[in-house]
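Each chain is listed here by its residues.
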2 protein chains.
Amino acid sequence: MNASPDAPEGPRARHNRAGVVEAALGILDQQGLPDLTMRRLAQVLEVRPSALYWHFTSKQALLAAVSARILEPLQRASTDLPSLAAAASVLGSQLRECLLAHRDAAELVSSSLALGLVDPPLHGLLGMVAERVDAPDRLAHTTAEAVTHFVIGHAFHEQQRRHAEALGVLDSSGRPAATTASTPADDGEADFTQVLDLIAAGVAAQLRHGARTL
Amino acid sequence: MNASPDAPEGPRARHNRAGVVEAALGILDQQGLPDLTMRRLAQVLEVRPSALYWHFTSKQALLAAVSARILEPLQRASTDLPSLAAAASVLGSQLRECLLAHRDAAELVSSSLALGLVDPPLHGLLGMVAERVDAPDRLAHTTAEAVTHFVIGHAFHEQQRRHAEALGVLDSSGRPAATTASTPADDGEADFTQVLDLIAAGVAAQLRHGARTL
DNA sequence: ACCTGAACACCGTTCAAGT
DNA sequence: ACCTGAACACCGTTCAAGT
């Protein structure tokens, strides 16, 4: 399995930031955020925990890098979209896909974003769309805020609910326990699109109104 | 200071859930969420950490109770509002006030909500408004989702930024360091109202559209 | 009903030193 | 450039036992 088969137990593993981030992402996907500890990560990399602090100044810095890695696909998203309202829907859905692609990603990204350790994923893209379709970039910013916070909050809730279900929270009768207070048979997907449509409708309305007042 | 002055060192402190929650809220306000540990809380209550597990089954259960305590004022909010769109703005602002009233409250409530350990604060209220003004309660639900997630996400970001500023994150020149990627002189208040207005506009638009299609 | 005592199995982080 | 060794100062939780 080693690159050099005649060094069966080399001096030690050698790593770089990208490799550490990838290993962390692996733990996240397979064990979840609570088990993504510096000590477990070190163990996977066959290294002492203190070694990680050569690559990252703190756990939060490491988590920020993992967040950026998770949001990476969005950087390649197309901004060739017909309107700001359409962009809100499309890019919002793509952000959601990035988050649902990795376990506990919404919670992780939420805190990195709040701490200001990752760039907001939608603001730049929506700004570009606004410029192309000649919409005010104040509105692009407002839209980005609305969509980003909603998508992350919604995905956070959804991923926690999935996890709870997967844990098999069963009452004594063997039926799954009630999931607190939510719509019966809560359809995350339909729920999600409805809200994005609501926001898109708001964007369209503001554009009509703004055309006169600005 | 004691209720019975002739029991200078009584057997031990005696507590109930409400008292424990209040003490926890005190730590939150004065030291912040990272310092709200079971051990510190026990210390404040002059009790061993294990005693807390008589009142709450876990730390998360305790934190959920604190979250509910923080959201309590909203329960007394008026639903006598002219429209669903107006309710979105007014109740959204009131939710924000509840969160900004306590240090790190947005982060705390965000996770309790995601875990399904607290009732969503706006869904019931907006449902009542919808019923009164005869709006579809599917739209009330959608609106609640949009507003709740946005307000919490936005407040989370804002509280973290304040905390970073308060820490005096200064570069060598003594000027405050850049706060990552945000609007220069980011006005949280104006930002916030703009997004609520956007959502309210979306609600109004959906109502007009729904009047024909539903 | 409410708490103590003692233990278990963990954390993130620092820093001198090694190669 | 990248890692070890050893330590520091913590965590949440369980459970038998006390009053």
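Refer to the structure printed above.
Structure report, in brief. (Residues numbered from 1 in each chain as written. Chains lettered and ligands numbered in written order. Predicted model: local features only at pLDDT ≥ 70, side-chain atom pairs only at ≥ 80, totals over all residues. Heavy atoms only, no water.)

**Here we look at the pattern of salt bridges**
For clarity, the cut-off: Note on definitions: salt bridges are taken to be side-chain nitrogens of Lys or Arg within 4 Å of carboxyl oxygens of Asp or Glu.
Across all of its chains, the model carries 14 salt bridges over all chains by this definition. One network of salt bridges, with partners in common, ties together R96, E158, R162 and E189 of chain A.

**Points about the nonpolar core**
In plain terms, the rule: Buried residues of nine kinds, namely Ala, Val, Leu, Ile, Met, Phe, Trp, Tyr and Cys, make up a nonpolar core once their side-chain atoms join them within 4.5 Å. Accessibility here uses a 1.4 Å probe with only protein chains present; expressed as a share of the type maximum, an area under 20% marks a residue as buried, one over 50% as exposed, and anything in between as partly exposed. In this description, contact between two residues means that some pair of their heavy atoms is separated by no more than 4.5 Å.
L62 of chain A together with L62 of chain B are the most contacted members of the largest nonpolar core, which totals 126 residues. When sequence neighbours within four positions are dropped, the list of residues in contact with L62 of chain B reads V20, V21, A24, M38, L41 and F56 of chain B.

**Focus on the protein's contact with DNA strand D**
What counts here: Throughout this document, a residue counts as near a molecule or strand when at least one of its heavy atoms sits within 4 Å of that molecule or strand. Polar contact is the term for a pair of N or O atoms within 3.5 Å; when the atoms are in protein, one must be able to donate a hydrogen and the other to accept it, and sequence-neighboring residues count only if both atoms are side-chain atoms. Helix and strand assignments come from DSSP, with helices taken as H or I runs of at least 4 residues and strands as E runs of at least 2, each series counted from the N terminus. Ten residue types, Ala, Val, Leu, Ile, Met, Phe, Trp, Tyr, Cys and Pro, are classed as nonpolar, four, Asp, Glu, Lys and Arg, as charged, and the remainder, Gly among them, as polar.
Surrounding DNA strand D, one finds 17 residues, the nearest of these being R48, S50 and H55 of chain A together with R39 and Y53 of chain B. A distance of 2.7 Å separates a base oxygen of DNA strand D from a polar side-chain atom of S50 of chain A. With respect to DNA strand D, the side chain of H55 of chain A contributes an N or O atom lying 2.6 Å from a phosphate oxygen. Of all elements in the fold, only α3 (52-55) of chain A together with α2 (38-44) of chain B reach the threshold of two or more residues within the surface near DNA strand D. Looking at the surface near DNA strand D residue by residue, the classes come out as 6 nonpolar, 6 polar and 5 charged.

**Topic: the side chain of H123 of chain A**
Residues and elements named next belong to chain A. Here H123 lies in helix α7 (residues 123-133). Here the side chain of H123 touches E145 through a polar contact of 2.9 Å, side chain to side chain. In contact with H123, not counting residues within four places along its chain, are H141, A144, E145 and T148.

**Brief notes about the packing of helix α4 (residues 59-75) of chain B against helix α5 (residues 84-100) of chain B**
Residues and elements named next belong to chain B. Under the convention used in this document: To get an axis, a line is fitted to the C-alpha atoms, and for a helix only the part in contact is used. The angle between two axes follows their N-to-C directions and goes from 0 to 180 degrees. Left-handed is the label given to a crossing in which the near helix is rotated counterclockwise from the far helix by less than a right angle, and right-handed is the label when the rotation is clockwise.
Closest axis-to-axis distance for the α4/α5 pair is 9 Å, and the angle between their directions is 145°. For the crossing formed where α4 meets α5, the hand is right-handed. Contact residues: I70, L71, P73 and L74 in α4; L91, Q94, L95, C98 and L99 in α5. Split into classes, the residues belonging to the contact of α4 with α5 amount to 8 nonpolar, 1 polar and no charged.

**Some details on the protein's contact with DNA strand C**
R39 and Y53 of chain A together with A13, R48 and H55 of chain B are the nearest of the 17 residues found near DNA strand C. For DNA strand C, the fraction of atoms within 4 Å of the protein that belong to sugar or phosphate moieties is 56%. For DNA strand C, a phosphate oxygen lies 2.8 Å from a polar atom in the backbone of K59 of chain A. Within the contact set of DNA strand C, a sugar or linking oxygen lies 3.5 Å away from a side-chain nitrogen or oxygen of R14 of chain B. Contributing elements (two or more residues each) for the surface near DNA strand C: α2 (38-44) of chain A together with α3 (52-55) of chain B. Among the residues making up the surface near DNA strand C, the classes are represented as 6 nonpolar, 6 polar and 5 charged.

**Side note on the interface of chain B and chain A**
Our working rule: Note: buried area is the sum, over both parts, of the accessible area (probe 1.4 Å) each one loses when the two are combined.
Taken together, the contacts link 39 residues of chain B with 38 residues of chain A. Taken together, both faces of the contact between chain B and chain A bury some 3,100 Å²; the carbon and sulfur share is 62%. For the chain B face of the interface with chain A, the top three residues by lost area are A114, H149 and L198 of chain B, together amounting to 20%. For the pair chain B and chain A, the interface holds 2 salt bridges. Residue D191 of chain B pairs with R138 of chain A through a salt bridge whose shortest N-O separation is 3.9 Å.

Function cannot be read off these values alone, since they describe shape.
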